[in-house]
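Commentary on secondary and tertiary structure
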Amino acid sequence: MSPLATLLIKAVVSAILIVAASEVARRQPGVGALIASLPLVSVLGMIWLWSAKPDAENMANHAQATFWYVLPSLPMFLVIPALLRRGMPFWPALGLGCALTIGLYLAMTGIGPRFGLKL
């Protein structure tokens, strides 16, 4: 299969999952949240990475680093609803949640290696 065809298949499969999650969330927010919380992007990323480079050590490093990067993203899912419930408009609340996540990612990349984490 050509690299372009592979790239297009990856994009279409990934897009279908994202659209499906958002469509379900419109009708049933709880079910949509469950779908969105599944590590679909991580699993797809690992499948695509393994397809391109089937190297167990590389995959192990990728999966472990993904775990450590998920942790600093979690507070965003508490900050955004708190800001929205206090009356902040959606876009600023989302922006602040993303800014917090970026700050925590930077902290993780700075602090993690000091504790032996391969990031």
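Structure: see above.
Below you will find a few notes about this structure. (Residues numbered from 1 in each chain as written. Predicted model: local features only at pLDDT ≥ 70, side-chain atom pairs only at ≥ 80, totals over all residues. Heavy atoms only, no water.)

Some points on the overall build of the protein chain
When its secondary structure is counted, the protein chain shows 6 helices and 0 strands. Walking the protein chain from its N terminus toward its C terminus, one meets helices and strands in the order α-α-α-α-α-α. Taken over the C-alpha trace, the protein chain has a radius of gyration of 17 Å; the compact-globule value for 119 residues is 14 Å, which it surpasses by more than 25%. Summarising its shape, the C-alpha atoms of the protein chain cover approximately 50 × 40 × 20 Å along the three principal directions. For the protein chain, the proportion of contacts with a sequence separation of at least 24, taken over those separated by at least 6, is 47%. With an accessible surface of roughly 8500 Å², the protein chain has 75% of that area assigned to carbon and sulfur atoms. (Helix = DSSP H or I, 4+ residues; strand = E, 2+ residues; numbered from the N terminus. Rg over C-alpha atoms; globule rule 2.2 N^0.38 Å. Contact = heavy atoms within 4.5 Å. Areas by Shrake-Rupley, 256 points an atom, 1.4 Å probe, with all protein chains shown as cover.)

Remarks on the packing of aromatic side chains
Given two aromatic rings, their pairing is described by the distance between the two centres and the angle made by the two planes. Taken as a whole and judged by the stated rule, the model has 3 aromatic pairs. Here the aromatic rings of Y69 and Y105 are separated by 5.9 Å at their centres, their planes lie at 85°, and the arrangement is edge-to-face. Taken as a pair, Y69 in helix α4 (residues 56-70) and Y105 in helix α6 (residues 90-111) lie far apart in primary sequence, 36 residues in all. A relative accessible area of 26% places Y69 in the partly exposed class. (Phe/Tyr/Trp six-rings, centres within 6.5 Å; stacked < 30°, edge-to-face > 60°. Buried < 20%, exposed > 50% of the residue type's maximum accessible area, 1.4 Å probe, protein only.)

Here's the deal with a nonpolar patch on the surface
Together, F67, V70, L71, L74 and F77 line one region of the surface with nonpolar side chains, adding up to about 470 Å² of accessible area. Topologically, L71 is positioned in the loop between α4 and α5 (76-85). For L71, a relative accessible area of 37% puts it in the partly exposed group. (Patch = residues over 30% accessible without salt bridge, like charges linked within 9 Å, V, L, I, M, F, W, Y side chains within 5 Å. Salt bridge = Lys/Arg side-chain N within 4 Å of Asp/Glu carboxyl O.)

Thoughts on the layout of surface pockets
A volume near 860 Å³ is recorded for the largest pocket. Along the walls of the largest pocket sit 26 residues, with A36, S37, L38, V41 and F77 positioned nearest its centre. It is helix α3 (residues 40-52) that contributes the most residues to the lining of the largest pocket, 6 residues altogether. Grouping the constituent residues of the lining of the largest pocket by class yields 19 nonpolar, 7 polar and no charged. (1 Å grid on protein atoms, 1.4 Å probe; cavity = no way out; pocket = protein on both sides within 12 Å on 5 of 7 lines; lining within 4 Å. Points joined across faces, edges and corners; volume = space filled by probe spheres on them. Nonpolar A, V, L, I, M, F, W, Y, C, P; charged D, E, K, R; others polar.)

As for α5
Those residues of α5 that sit buried are M76, I80 and L83. For α5, the angular spread of the buried residues around the axis is 70°, confining them to a single face. When the buried face of α5 is taken as reference, the exposed residues oriented beyond 90 degrees from it are F77, L78 and R85. Contact partners of the buried residues in α5: α6. Following α5 by one or two positions, G87 adopts a phi angle in the positive range, close to 95°. (Arc of directions from axis to C-beta.)

Shape is all these values report; function is a separate question.
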